[in-house]
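An overview of the molecular structure
The residues making up each chain are set out below.
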Amino acid sequence: MRTFDIVIIGSGIAGGFLARQLRLACPDLGVLVLEAAEAMEDYKVGESTVEVAANYMVRRLNLGTYLYQHQLPKNGLRFFFDSPDKDLPLPRMSEIGSDHMPFHPSFQLERARLERDLVTMNRAAGAEVELGAKVVDVAIDGRGGHTVVYEQGGERREVACRWVCDASGRRHVLFRKLGVKVHKEARLNTAAAWGRYRGVAGLDGVTDAAWRSRARYTSRHLSTNHFMYDGYWIWFIPLAGDLMSVGVVFDKDRIGAGNVPAGALPGPRTRAEFERFLGAHRAARELLEGAELEDFQSYAHLPYHAEQYFSTDRYAVTGEAGAFTDPFYSPGSDFIATANEFITQMILSDVRGDRAGFEEKVAAYDAYYRFKYDSTLRLYERMYPVFGSFELYRLKYLLDFNNYYNLVVWPFMADRVTDVGWIREELRFTDLVLRALSTMGEHFASLASDLRARGEYFAQNEGRFANGLNGVAQLETRLGPAIDERFRREQVDRAYGSVFAALVERRLGEQGLSDRARLVSELPLPQVLVFRDITPERLARLLQRIGERMTKELREELPDAGIERIELGASGVISVTGPAEGTKAHADALSRARALWDASAGSLAHIAL
């Protein structure tokens, strides 16, 4: 019986990347990859990567040159918003995007080609990769060694190993053999259908001069393009060569077969339904005119999770073999990067004989990975009814994008994500983070219901443009190997305060609130969490607190004015009690109070415009 240090089940990008990382990190490790497919030709969804995965591929896997030569660079995420009748031509749709390439790279992956090339690269690096090798049994022995049985070419073969890593995707080979339950997620009820089209002109084929110049002629085609609707979204993702990945992800609670709003189509399940669904949207229909649908796939339910991902019995899962949330924001390859970083560090500690360090890492990494799943899921929970409104989603994206760059990308780039001490510190704030995500989700969902009831949900869906990169410009020169924790905390408070103030302004119709420094500074994250209900009474109490602080400051600044109280009322009304009206003291105090109240917060909600 042949013996290896690690057997990896599956040679998709999760398993292929892991094999490459292990061989680069420790060339002495014996790595066997068992792939059930006879050839790496299967079209797979999940082409879009974002910054964590891109950093992992370039920095950890040394694939930068390969990616630029054989795959497509990505021009960030881009979002388009339509009319209620889905009849706006593309140049008239409101848009969130960039007018230049992002300051950190990402890529669009043609998965089959990449996975074929990984087989070649991994074999050249000394890993053994067996195609047509279907794993039929796994025996885990935490005290001794594991046994993996597979069938290949009609023969049954058996190997021994110290580690088993499952990268088999939704087949869940290891969990099925071990009897580990994979839970269908109930908090997010989404499904998807997708296909590849050949002959799509693409977004850069649109010749409207004003529309093209708005983005400074940067390539919209290279973006992961989202067409946003109430309860679903449509993606257009370019692939190397003459292919375009097009798909629909929908909330079954919103547009499932029994929950279809008047005049809407149910979520597509078949190829015919998929083509009919896309054809009901003018922008998608015009982009696909003359193109050919090459293939079609669908998933009836998207999110799921397990209760454990890494074990001191020396097994682990990566990619979709363990968990999946939602393809919005393209987090799948980020999960792969994080899991593979964890698995590599656990294996290195184990083979070096550091038992205490190994057990410490397994516990910390597993807890963090479960937290990563839960926090990512809460980004999407209750959000599908928000997606169709430019006004609402611009704020949602602003908050999410800031938190992603600040709280996820930065620690990964600084190699903190595998530091057990750092993870323990982060896990202290698990409840706070999850509560923040849920609380903001509730506020967004409530405002969406309000705007829908007022007939204002689609009010800003035509003719507007928001440069999404402007909202994270303050992080451009900061991201890197050195972490500035104080700055990170300041940015968290700034993002939550800016967005929450804008929600309060819109919910209560109080124009001019959201860029006032005095208001935004009173809304750091802990205060936002206390502000559970957006009501006039809660706003009045907040304004009273601000007025009391301004009173104290102005008494110190103008000690002879006799100021008793500064009051802030609805619609920006300010009153000064103490000095008699008509006197210079009253005029000076009122002028100074107005200046303090009118001072700009530099709100991200306004900068991003």
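This report concerns the structure included in the present document. (Residues numbered from 1 in each chain as written. Predicted model: local features only at pLDDT ≥ 70, side-chain atom pairs only at ≥ 80, totals over all residues. Heavy atoms only, no water.)

Section: the sheet that holds strand β20 (residues 465-467)
For sheets, the rule is that strands pair by backbone hydrogen bonds, running either parallel or antiparallel. Taking strand neighbours across the sheet as the criterion, the 8 strands line up as β16-β12-β15-β14-β13-β4-β5-β20 in an open arrangement whose pairing is mixed. Pairing within the sheet leaves two strands with one partner each, and these edge strands are β16 (292-299) and β20. Taking each pair of neighbouring strands and ignoring which way they run, the sheet shows an average axis angle of 15°. Pairing between strand β5 (residues 94-97) and β20: 3 bridges, direction parallel. Note on β20: the bridge partner recorded for Ile96 is Ala466. The sheet contacts of helix α8 (residues 271-279) involve β12 (190-198), β14 (232-239), β15 (243-251) and β16, and relative to β16 the element is tilted by about 110°. (Pairing = 2+ DSSP bridges. Helix = DSSP H or I, 4+ residues; strand = E, 2+ residues; numbered from the N terminus. Axes fitted to C-alpha atoms, helices over the stretch in contact; angles between N-to-C directions. Contact = heavy atoms within 4.5 Å.)

With respect to the nonpolar core
Residues Ile8, Phe17, Phe79, Phe310 and Tyr393 are the most contacted members of the largest nonpolar core, which totals 171 residues. Considering every element that reaches this core, the biggest residue donor is helix α12 (residues 390-413), with 14 residues. (Core = buried A, V, L, I, M, F, W, Y, C linked by side-chain atoms within 4.5 Å. Buried < 20%, exposed > 50% of the residue type's maximum accessible area, 1.4 Å probe, protein only.)

Observations concerning the packing of helix α1 (residues 13-25) against helix α4 (residues 111-124)
Interhelical geometry of α1 versus α4 gives an angle of 30° and a closest axis separation of 10 Å. Classified by the interaxial angle, the pair formed by α1 and α4 is roughly parallel. As α1 runs across α4, the sense of the crossing is left-handed. Only Arg111, Leu114, Glu115, Leu118, Met121 and Asn122 of α4 make contact with α1, whose side of the interface consists of Ile13, Gly16, Phe17, Ala19 and Arg20. (Parallel < 35°, antiparallel > 145°, perpendicular 65-115°, else oblique. Left-handed = near helix turned anticlockwise from the far one by under 90°.)

Considering the packing of aromatic side chains
Considering all chains together, one arrives at 41 aromatic pairs under this definition. Taking 5.5 Å as the distance between ring centres and 65° as the angle between the ring planes, the aromatic pair formed by Phe227 and Phe236 counts as edge-to-face. Residues Phe227 and Phe236 agree in their burial class; the two are buried. Here Arg220 stacks its cationic end above the ring of Trp211, 3.6 Å away from the centre of that ring. (Phe/Tyr/Trp six-rings, centres within 6.5 Å; stacked < 30°, edge-to-face > 60°. Lys NZ or Arg CZ within 6 Å of the ring centre and 35° of its normal.)

Notes on the pattern of salt bridges
Summed over the entire model, instances satisfying the criterion amount to 46 salt bridges. Residues Glu95 and Arg78 are paired through a salt bridge, measuring 2.8 Å at the closest nitrogen-oxygen approach. With Glu95 in strand β5 and Arg78 in strand β4 (residues 77-81), this pair connects stretches of sequence that are 17 residues apart. Overall, the relative accessible area of 0% leaves Glu95 in the buried class. Residue class for Arg78 comes out buried when judged on its relative accessible area of 0%. With a shortest N-O distance of 2.5 Å, Arg198 and Glu294 are connected by a salt bridge. Placement of the pair is Arg198 in strand β12 and Glu294 in strand β16, with a sequence separation of 96 residues. With a relative accessible area of 35%, Arg198 lands in the partly exposed category. (Salt bridge = Lys/Arg side-chain N within 4 Å of Asp/Glu carboxyl O.)

Some details on the environment of Asp533
Along the chain, Asp533 falls in the loop between α17 (525-530) and α18 (536-557). For the pair Asp533 and Leu475, spaced 58 residues apart in sequence, the C-alpha separation works out to 31 Å. Other than its neighbours up to four places away in sequence, Asp533 contacts His443 and Arg538.

Looking at the pairing of β5
The alternating pattern of β5 places Ser94 and Ile96 and Glu95 and Gly97 on opposite faces, both of which are buried. Pairing analysis gives 3 bridges linking β4 to β5, with the strands arranged antiparallel. Residue pairing for β5: Phe80 is matched across the bridge by Glu95.

Regarding helix α19 (residues 584-598)
A rise of 1.5 Å per residue sets the reference length of α19, with its 15 residues, at 21 Å; its end C-alpha atoms lie 21 Å apart and thus fit the reference within 8%. His586, Ala589, Leu590, Ala593, Leu596 and Trp597 are the residues of α19 that are buried. End-on view of α19: buried residues confined to an arc of 125°, all on one side of the axis. At its buried positions, α19 is contacted by α16 (517-521), α18, β21 (565-568) and β22 (574-577). (Expected span 1.5 Å × (residues − 1). Arc of directions from axis to C-beta.)

None of this, on its own, says anything about what the molecule does.
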